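Read off the chains here:
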Amino acid sequence: MDYKGLYVHIPFCDSICSYCAFSKVLKNYSNVENYLHTLEDEIKFKNADKYTYDSIFIGGGTPTCLNIDNLEYLLQIISTFNRTPDCEYTIESNPENLTFEKCLLLKKYGVNRVSIGVQSFDLEKLKFLNRTHNFEIVYNGVNNVKKVGIHNINMDFIYGCENDSIELLRKDIQKAIKFDVTHMSFYCLEIENGTVLYNKNCKVDDDFAASLYQKLLFELQRKNFYRYEISNFSKENKFCSKHNLKYWKFTDYIGIGLSACSFVDHCFIENTKNLTKYLNKNYIAFENKLSLDEEKNVFLQQNLRLEKGFKLKTYRERFNSDFLEDYKDKIDIIKNSLVISRTEDVYIKSSMLYIMDNILVDLLH
Ligand SMILES: C[S@@+](CC[C@H](N)C(=O)[O-])C[C@H]1O[C@@H](n2cnc3c(N)ncnc32)[C@H](O)[C@@H]1O
Ligand code: SF4
């Protein structure tokens, strides 16, 4: 049976970071209860509770910034969904919210993976990013997560900021490893329209970021963190994010909440990013049934982000045609970047994964 992934978006945050363009609002000025009731309504509207899920991801915004009653209400809503016994159940968090009481609640409702937005342990860098935590706060938060018995922990980091250096990133990696995390994500800082950094005209030097990436890749691999996607590193294969793999393998997932996306029955659905519209139950902003060619293109675009790429057999079974035949003219153009192994695996050469976007332009256009 084909199980689906569930994404639930909670847009509230205690403060707004200087770089963030995700769908989020300050919690103080928001009616959280109203939002949660609307989520319940959207679930009915989309019949999202008719499926069984083998991955659930509550993301944001900052789901853990909800007060304890609202957090419990959210977890209760999600507890009505059918889950497989091995369902990966992740919540995104900010370190300052990880109190023992909230962690106990997460455990009680079956959350078994916590993703913590650390970004860095360096105070100057945290200030630049407008993050309000420090090492001690992360330390206490991680301790609480572990005390309740959740040991599958991811930390998100950002690199490419003005005063970054490999020494600084190395220290961040060392600290994360001391916390015994199972997974780390390293995102290159993106300066997005409408953010504080954009308005301050901050820039990221692409060459500098690329050289930092190569060094941090080396450092992570030296510490036995295996890169399975451009920005994602896991301690062992079993700790790869099952949920994100659904996006990269382009299999079905259902998204609920502001700005959430779904892909189901070959149809791509994007929810509105406008909170007022969302609360008025105008959930969907965009819906597109993909043609076979479009779906093949997205399949490649997503799967080739993965270190292991995809199997020719998977492509054949899904599309009832042959990748080597479908893309034969284009494959020739990118033959120096693409590997097609004897075991029928298709992937971008490891050394070229970082510039995958450029390679895909040649393959898909
Ligand atoms: C959108 S946040 C949501 C979870 C949580 N509120 C947090 O801050 O971690 C998820 C992650 O996206 C990454 N992120 C968000 N905006 C980014 C940007 N402009 N550039 C790079 N990474 C970004 C950060 O690493 C962040 O931890
Ligand atoms: S990065 Fe996280 S905490 Fe910061 S504004 Fe975005 S969603 Fe909120």
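Here the structure is a predicted model, which means the values were calculated and not measured. (Residues numbered from 1 in each chain as written. Chains lettered and ligands numbered in written order. Predicted model: local features only at pLDDT ≥ 70, side-chain atom pairs only at ≥ 80, totals over all residues.)

Asks: Tell me about the overall build of the protein, residues and numbers included.
Replies: Within the protein, the regular secondary structure consists of 15 helices and 17 strands. Scaling as 2.2 N^0.38, a compact globule of 365 residues should have a C-alpha radius of gyration of about 21 Å, and the protein matches this with 21 Å. Referenced to the eigenvectors of the C-alpha coordinate spread, the extents of the protein come out at roughly 55 × 50 × 40 Å. For the protein, the proportion of its 365 residues judged to be buried stands at 38%. Sequence separation of 24 or more characterises 72% of the internal contacts of the protein that already satisfy a separation of 6 or more. (Helix = DSSP H or I, 4+ residues; strand = E, 2+ residues; numbered from the N terminus. Rg over C-alpha atoms; globule rule 2.2 N^0.38 Å. Buried ≥ 20, exposed ≤ 12 C-beta atoms within 10 Å, placed from the backbone. Contact = placed C-beta atoms within 7 Å.)

Asks: I'd like a rundown of the pairing of strand S8 (residues 183-188), residues and numbers included.
Replies: Along a regular strand, successive side chains alternate from one face of the sheet to the other. Across six bridges, strand S7 (residues 152-159) lies against S8 in parallel orientation. When the sheet's bridge partners are listed, Asp156 is paired in S8 with Ser185. Once the chain exits S7 it traverses helix H6 (residues 166-178) before rejoining the sheet at S8, and the crossover so formed is right-handed. Pairing of S8 with strand S10 (residues 232-234) involves three bridges; the strand directions are antiparallel. Residue pairing in the sheet places Ser185 in a bridge with Asn232 of S10. (Pairing = 2+ DSSP bridges. Right-handed = clockwise from strand over helix to strand, strands pointing away.)

Asks: So, the environment of Pro63: which residues are in play, and what are the values?
Replies: Structurally, Pro63 is set in the loop between strand S4 (52-60) and helix H2 (68-79). Judged by C-beta crowding, with 27 C-beta atoms within 10 Å, Pro63 ranks as buried. For Pro63 and Leu74, which are eleven residues apart along the polypeptide, the C-alpha to C-alpha distance reads 9.1 Å. If near-sequence neighbours (up to four positions away) are discounted, Pro63 is found in contact with Ile10, Ile58, Leu74, Ile91 and Glu92.

Asks: Can you lay out the site of ligand 2 for me, pointing to particular residues and giving the numbers?
Replies: Around ligand 2 sit Cys13, Ile16, Cys17, Cys20, Phe22, Lys24, Gly60, Gly61, Thr62, Asn94 and Gly117, and that is every residue in its neighbourhood. Class assignment of the residues belonging to the shell around ligand 2 gives a composition of five nonpolar, five polar and one charged. (Near = placed C-beta within 6 Å. Nonpolar A, V, L, I, M, F, W, Y, C, P; charged D, E, K, R; others polar.)

Asks: Which residues make up the site of ligand 1, and what are the values?
Replies: Of all residues adjacent to ligand 1, which total 15 residues, the nearest are Glu92, Gly117, Asp156, Tyr187 and Glu190. At the level of secondary structure, the elements contributing two or more residues to the shell around ligand 1 comprise strand S6 (113-119) and S7. Among the residues making up the shell around ligand 1, the classes are represented as six nonpolar, five polar and four charged.

Asks: An account of the domain arrangement of the protein is needed here, citing residue identities and associated values.
Replies: Along its sequence, the protein is organised into domain 1 (4-247) and domain 2 (292-365). The straight-line distance from the C-alpha centre of domain 1 to that of domain 2 is 29 Å. The interface of domain 1 with domain 2 comprises seven residues on the first partner and seven residues on the second. Those elements that place two or more of their residues in the side of domain 1 that touches domain 2 are helix H8 (206-222) and strand S9 (226-229). A per-element tally of the side of domain 1 that touches domain 2 places S9 first, with three residues. Per-class residue counts for the side of domain 1 that touches domain 2 are five nonpolar, no polar and two charged. (Domains from an automatic or database assignment.)

Asks: Help me get a handle on the environment of Cys65, residues and values and all.
Replies: Assignment of secondary structure puts Cys65 in the loop between S4 and H2. Between the C-alpha atom of Cys65 and that of Asp14, which follows or precedes it by 51 residues, the distance is 6.6 Å. The contact partners of Cys65, leaving out residues within four places of it in the chain, are Phe12, Cys13, Asp14, Lys27, Asn94 and Asn97.

Asks: Summarise unusual backbone geometry; cite the residues concerned and give the values.
Replies: The general pattern is negative phi for most residues beyond glycine and trans for most peptide bonds. For Gln119, which is not a glycine, the phi torsion comes out positive at approximately 70°. Its location among the elements puts Gln119 in strand S6. Residue classification places Gln119 among the buried residues on the basis of 25 C-beta atoms within 10 Å. The phi angle at Asp180 is positive, at roughly 60°, despite the residue not being glycine. Inspection of the secondary structure puts Asp180 in the loop between H6 and S8. Under the C-beta neighbour-count criterion, Asp180 is labelled exposed, with 11 such atoms within 10 Å.

Asks: Tell me about the sheet that holds strand S16 (residues 338-340), and please be specific about residues and values.
Replies: Overall, antiparallel pairing links the three strands, which are arranged S15-S17-S16 in an open sheet. The open sheet has two edge strands with one neighbour each: strand S15 (310-311) and S16. Sheet topology places S16 next to strand S17 (residues 345-348); three bridges connect them, and they run antiparallel. Across the sheet, the residue bridging to Ile340 is Val346, located in S17.

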